[in-house]
Amino acid sequence: MGLILKDLSKTYPNNNGITNLSLSLSHGLTVLLGPNGAGKTTLLRILATLIRPDKGTYYYNGIDAVKHPHEIRKILGYLPQEFGAFVHLNAREFLTYMAILKGLTLRQARGRVEEVMDLFNLRSYGRKPLGAYSKGMRQRVGLAQALLNDPALLLLDEPTAGLDPEECADIRNFLAQMSADRIVLVSTHLVADVETMAERIVVLNQGMLVIDTPAEAFVSAVEGKVWEWAEKRENLASLKQRHLVTGAINKGDAFFVRVVAAGEPPVPNARPVAPRCLDAYLYYIKEWVKQ
Ligand SMILES: Nc1ncnc2c1ncn2[C@@H]1O[C@H](COP(=O)(O)OP(=O)(O)O)[C@@H](O)[C@H]1O
Ligand SMILES: [Mg+2]
């Protein structure tokens, strides 16, 4: 039961979107992480039944979604990466329109729109045109439309991109709140999203699955491999050729580098430090490319 992806592949004319992706997800919040071009949007659009995979399929509670997309659309909520809001409509008009597109009657739509507006604190802004909203507010409207049909499967493509830290925190809190009893898959390239809300982490690179892990295990995999030391500033470029440098910072007069390296300390004066999410992420991506 849950969501099972089997060998999903999608090739574009000059490009591999995703290749042989297999994964199974149950309820809770999974963060889909990967550099630009990794295939996150392609995967989410396939799962949202907007594009058909060339190969493979996926199942929701045993239903083959590629064969029966209509069945899946009933339980699906999707927030696209480019959420082009209808700038002249106000939130209430836009949400009502979306609810009707999702198959609710006008009467049901009106009731449900008020519920989601309450949930996302949109009521006091209900009359303002969406074009006058801040980016964070627009994302709240985007989440509200994704939840209109109370979906069991919620797919969100970079919902925090371009938001300020306060708006990001706001969206993350909503997502955590919504993921208790649904499957929520959220793509991002913000490491802060991973640290603050992920229960599970799936990393894609070049259309392939790099790692699929519970959030706790993500960072602990680089335990004992992260080092810091004072270095000459001019050595940074050559150091980068030999090591995975995940940070560099001036502390007073000294210049410190942060490096992920397995095994022995990379230099005699390297001191082991506690790993952070960014160290783990860059390590996985780089190790994977080496394979
Ligand atoms: N419609 C398309 N036509 C051709 N190539 C595409 C199209 N959409 C995506 N791609 C390519 O597929 C790869 C994966 O893209 P995408 O799924 O958008 O990645 P991400 O969302 O992780 O940035 C990229 O190399 C991208 O250039
Ligand atoms: Mg994308």
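The shown structure was predicted, so the numbers you read here are calculated from the model rather than taken from an experiment. (Residues numbered from 1 in each chain as written. Chains lettered and ligands numbered in written order. Predicted model: local features only at pLDDT ≥ 70, side-chain atom pairs only at ≥ 80, totals over all residues. Heavy atoms only, no water.)

1. A closer look at the nonpolar core
Then, number 1: Membership of the largest hydrophobic core comes to 58 residues, with the highest contact counts inside it found for Leu 95, Leu 143, Leu 175, Val 203 and Phe 218.
Then, number 2: The dominant element in this core, judged by the number of residues it contributes, is helix α10 (residues 277–290), at seven residues.
Then, number 3: When residues of this core are sorted by domain, at least three fall in each of domain 1 (3–218) and domain 2 (226–274).
Then, number 4: Once residues lying within four places of it in the same chain are set aside, the contact partners of Leu 95 are Val 113, Val 116, Met 117, Val 141, Ala 144, Gln 145 and Leu 148.
Then, number 5: Within the second largest apolar cluster, 28 residues are counted, among which are Leu 25, Tyr 60, Leu 76 and Leu 155. (Core = buried A, V, L, I, M, F, W, Y, C linked by side-chain atoms within 4.5 Å. Buried < 20%, exposed > 50% of the residue type's maximum accessible area, 1.4 Å probe, protein only. Helix = DSSP H or I, 4+ residues; strand = E, 2+ residues; numbered from the N terminus. Domains from an automatic or database assignment. Contact = heavy atoms within 4.5 Å.)

2. A few points about the coordination of the magnesium ion (ligand 2)
Then, number 1: Protein coordination at the magnesium ion (ligand 2): the donors are Thr 41 (OG1) and Gln 81 (OE1), at 2.0 to 2.3 Å from the metal. Separated by 40 residues along the polypeptide, Thr 41 in helix α1 (residues 40–47) and Gln 81 in the loop between β6 (76–79) and α3 (91–101) bring together distant segments of the chain. (Donors = N, O, S within 2.8 Å, 3.2 Å for Na, K, Ca; no water.)

3. Digging into the side chain of Arg 258
Then, number 1: Tracing the chain through its elements places Arg 258 in strand β13 (residues 254–260).
Then, number 2: Residue contacts for Arg 258: discarding those within four places in its chain leaves Val 226, Trp 227, Glu 228, Leu 244, Val 245, Thr 246, Gly 247, Val 273, Ala 274, Pro 275, Arg 276 and Asp 279.

4. Thoughts on the site of ligand 1
Then, number 1: In the vicinity of ligand 1, the residues found are Tyr 12, Asn 15, Gly 17, Pro 35, Asn 36, Gly 37, Ala 38, Gly 39, Lys 40, Thr 41 and Thr 42.
Then, number 2: A distance of 2.5 Å separates an oxygen atom of ligand 1 from a polar side-chain atom of Thr 42.
Then, number 3: Element by element, the count of residues in the shell around ligand 1 is highest for α1, at three residues.
Then, number 4: Considering only residue class, the shell around ligand 1 consists of three nonpolar, seven polar and one charged. (Near = heavy atom within 4 Å. Polar contact = N/O pair within 3.5 Å; in protein donor to acceptor, adjacent residues only side chain to side chain. Nonpolar A, V, L, I, M, F, W, Y, C, P; charged D, E, K, R; others polar.)

5. Describing the environment of Arg 127
Then, number 1: Within the secondary structure, Arg 127 sits in the loop between α4 (106–119) and α5 (135–146).
Then, number 2: Taking C-alpha positions, Arg 127 is 35 Å from Leu 43, a pair spaced 84 residues apart along the chain.

6. A few points about the pattern of salt bridges
Then, number 1: The full count for this structure, using the stated rule, is 15 salt bridges.
Then, number 2: In this structure, Lys 74 engages Glu 71 in a salt bridge whose closest nitrogen and oxygen atoms are separated by 3.3 Å. Of this pair, Lys 74 and Glu 71 both sit in helix α2 (residues 69–74), three residues apart, which is roughly one turn of the helix.
Then, number 3: For Glu 228, the salt bridge goes to Lys 251, with nearest N and O atoms at 3.7 Å. Placement of Glu 228 in strand β11 (residues 226–230) and of Lys 251 in strand β12 (residues 244–251) is noted, with a sequence separation of 23 residues between them.
Then, number 4: Glu 228 sits in the buried class, given a relative accessible area of 11%.
Then, number 5: Connected through salt bridges with shared partners, the residues Glu 228, Lys 251, Arg 258, Arg 271 and Asp 279 form a single ionic network. (Salt bridge = Lys/Arg side-chain N within 4 Å of Asp/Glu carboxyl O.)

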